[in-house]
Structure formats: C-alpha cells, structure tokens
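If you want the building blocks of each chain, they are given just below.
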Amino acid sequence: MMMNSLKSLIPILVILISVVYGYQQFLRSPSLIVDSLAYLPLMLAALVGMLTIHFNRSAIFFFMLLIMSVSGVLIFELTPTALHYGLLSGFVPLLLLFFTVMPERGLLSVRSIPVYAALLLVLVFSAWTIIETPDLVQYYLLTDWLPARYFDWTPLPQTVIFCSLIIFFQLLLLSFLRPSPLVAASLGILLVLLLVLQLEKNAYVLNVFISAGLLMCLYAVMQESWRMAYLDELTDLPGRRALRERFQSISGTYTVAMLDVDHFKKFNDSYGHDTGDEVLRMIASKMKDVSGKGLPYRYGGEEFA
C-alpha cells in the first residue's frame, strides 16, 4: 500500500516542485513565451473537460471547475474585501475534500444530484454572505485566533489556514490508506490553489500555477482511465488485458501458473455474491503477498494467473 501511495504521489510532487522552483524562470523568458501562457490554462481545462466527460469522471471534472473558478475570480478581481477573499479561500479546501471523498456517480446521472445541490448551496450561501455580510460569518472567518504578528507572511485568514491544514493532513492520510491518483491530485491541487491565493496576483504567475493544477487533473484522469482499462475493480489486480500485453513484452523462457477456485459457483449460490466477492479479494490479497518475481493477474471470474 505504501508503494502504491508513493507511485500516485510522486508525479504530483514532480509537478508541484517544478512549478514552485520554475515559475520565476517563466517570467524571465521572452515575452512571446510568457504571453502564450495566457492560453495554456484554457487549453488544459478544455482537454481535462473533454476527457472527464468522455470517461464520466465527475470528481476530476469538479476539480477542474474549482481551479478555473478560482482563476476567474482572481483574474477579474472579484474579491475586493477581506470577506470575499476569506470565502473564496475557505471554500477551496472544503470543496476539494468533498469532491475527493464523494462516491463516483458520473456527471449526468440522477445519483449525482446531491453533488449539484451542494454546489448550489455553496453559491447561495456565498451570495447571501456577500449581500448581507452577517456578523457571525465574519467573526468565525476573519477573527485572529492567535497573535496576528505570526501570520504577517500570508493574506489568508487564520481560520482558513487552520482548516486547510486539517484537510491537508486528512488527504495525506487518505493517500496512504486509500492510495489513488484522485487523492494524490486532490492533495497537489490543494497546495497549488493555496499558493495561488498566497502569492502576488500576477497574471503570469497565476497562469503558471493554474496550469500546474490542471496538469494534475490531467494526470489523474489519465491514470484513472488506465486503471479502468487494466486493473480489475474488485481485486485491484491487473486484468486480462494487462496480462496479454505482458506476454507481448517478454521474451525467452517463462512460466505461467493458472489458478481456478473450485466449486465457486456453488459457493456463490450458497452464501451470496457479496461473500463470493470477499473470497476473491482474499485470494487476490494472498497472491499479492507471494514473494519472488511473479506477478498476479485476475484472468476472469474465479480464474487467476
């Protein structure tokens, strides 16, 4: 599990480190290169949008939507007051966590209605807060809970900082307990958007960091699509397609061992398919623990290789 987590996190870390240490180099580049960055987020967002719609991956689509929303708000300077800025920065980690942990229900299915209802609720609450500016919201969002001198380095409200730290560690823990490209991308996007909100609102810098967040979305949707094609959803083992491609890539002498669960249909009929699924997961976990250079695959049904 640790190895799977690192495999998911490393590409995100590479993107993050590259953009943090390299964005100043973009500003020293010829003006033509810098100006071209203005179109990069739009192109990446369009690509991510098309892929997520094609593969029906709602969480990554909402990641992209959140990134572009933050970008639009900052570009058009729609946060003139501390309350506006606090609302924007406060909803970023909360929505990221929500999109990450919600079950994948597709973009246009009836089961995704609660997600759209939650987004509508966020918009309504934001509009109400901006219009009415309730004292209670301002108090909890903008109050300095600790001496302000410790936070001179950031424009983010202390409440947002504490909330972001809690959600960051939740996502980090989730990336080790349930490693996936989606969780890794969510973790990286959280850091990117917090950096966007932290740094000077320079259009070029904004485009670089927004593009980095969209690259993380692109990585996530491509990895999720690969998992759909090559990994068995039930056992998390490589499937028949992966085995076939493995055969095409190896040469020389090798051995293939096939494993078939005897009387599995009778077991399913007696104890139910849910129990049968648990048996298949147990067998897969035992096969993963086998040492040596052999690789386990789920060939189909109750057959393994």
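Scroll up to find the structure.
Please read these numbers as outputs of a predicted model, since none were measured by experiment. (Residues numbered from 1 in each chain as written. Predicted model: local features only at pLDDT ≥ 70, side-chain atom pairs only at ≥ 80, totals over all residues. Heavy atoms only, no water.)

A. Main features of the sheet that holds strand β3 (residues 303-304). Strand order across the open sheet formed by 3 strands is β1-β3-β2, with antiparallel pairing between neighbours. The outermost strands of the open sheet, each flanked by one partner alone, are β1 (259-260) and β2 (298-300). The pairing of β1 with β3 spans 2 bridges and is classified as antiparallel. By the bridge assignment for β3, L259 is matched with F304. (Pairing = 2+ DSSP bridges. Helix = DSSP H or I, 4+ residues; strand = E, 2+ residues; numbered from the N terminus.)

B. Fine view of the pattern of salt bridges. The final tally for this structure, using the stated rule, is 4 salt bridges. The salt bridge partner of R298 is D232, with a shortest N-O separation of 3.1 Å. Of this pair, R298 sits in strand β2 while D232 sits in the loop between α10 (203-230) and α11 (240-249), and the two are 66 residues apart along the sequence. We note that R298, like D232, is buried. Salt-bridge contacts for E278 lead to R281; the nearest nitrogen and oxygen are separated by 2.7 Å. In this pair, E278 and R281 both sit in helix α13 (residues 273-288), 3 residues apart, roughly one turn of the helix. When its relative accessible area of 48% is taken as the criterion, E278 is described as partly exposed. (Salt bridge = Lys/Arg side-chain N within 4 Å of Asp/Glu carboxyl O. Buried < 20%, exposed > 50% of the residue type's maximum accessible area, 1.4 Å probe, protein only.)

C. Focus on the nonpolar core. Core analysis: the largest hydrophobic core is formed by 67 residues, its most contacted members being V70, F99, I189, L193, V196, L197 and C217. Residue contributions to this core peak at 13 residues, all from α10. Residues contacting I189, with those up to four places away along its chain left out, are F63, I67, L96, G213, M216 and C217. Within the second largest apolar cluster, 8 residues are counted, among which are L237, V261, L280 and M287. (Core = buried A, V, L, I, M, F, W, Y, C linked by side-chain atoms within 4.5 Å. Contact = heavy atoms within 4.5 Å.)

D. Structural view of helix α3 (residues 40-55). A rise of 1.5 Å per residue sets the reference length of α3, with its 16 residues, at 22 Å; its end C-alpha atoms lie 22 Å apart and thus fit the reference within 8%. Of all the residues in α3, the buried ones are P41, L44, A45, V48, G49 and T52. Mapping the buried residues of α3 onto a view down its axis gives an arc of 135 degrees, with all of them on the same face. Residues of α3 that are exposed and angled more than 90 degrees away from the buried face: L42, M43, M50, I53 and H54. Taken together, the buried residues of α3 touch α4 (58-75) and α10. With its phi angle positive at about 60 degrees, N56 sits one or two positions after the end of α3. (Expected span 1.5 Å × (residues − 1). Arc of directions from axis to C-beta.)

E. Here's a closer look at a nonpolar patch on the surface. Together, L136, Y139, Y140, W145, L146 and Y150 line one region of the surface with nonpolar side chains, adding up to about 670 Å² of accessible area. Among the structural elements, Y150 can be located in the loop between α7 (135-142) and α8 (158-177). (Patch = residues over 30% accessible without salt bridge, like charges linked within 9 Å, V, L, I, M, F, W, Y side chains within 5 Å. Areas by Shrake-Rupley, 256 points an atom, 1.4 Å probe, with all protein chains shown as cover.)

Interpretation note: all reported values are geometric properties and have no functional meaning in isolation.
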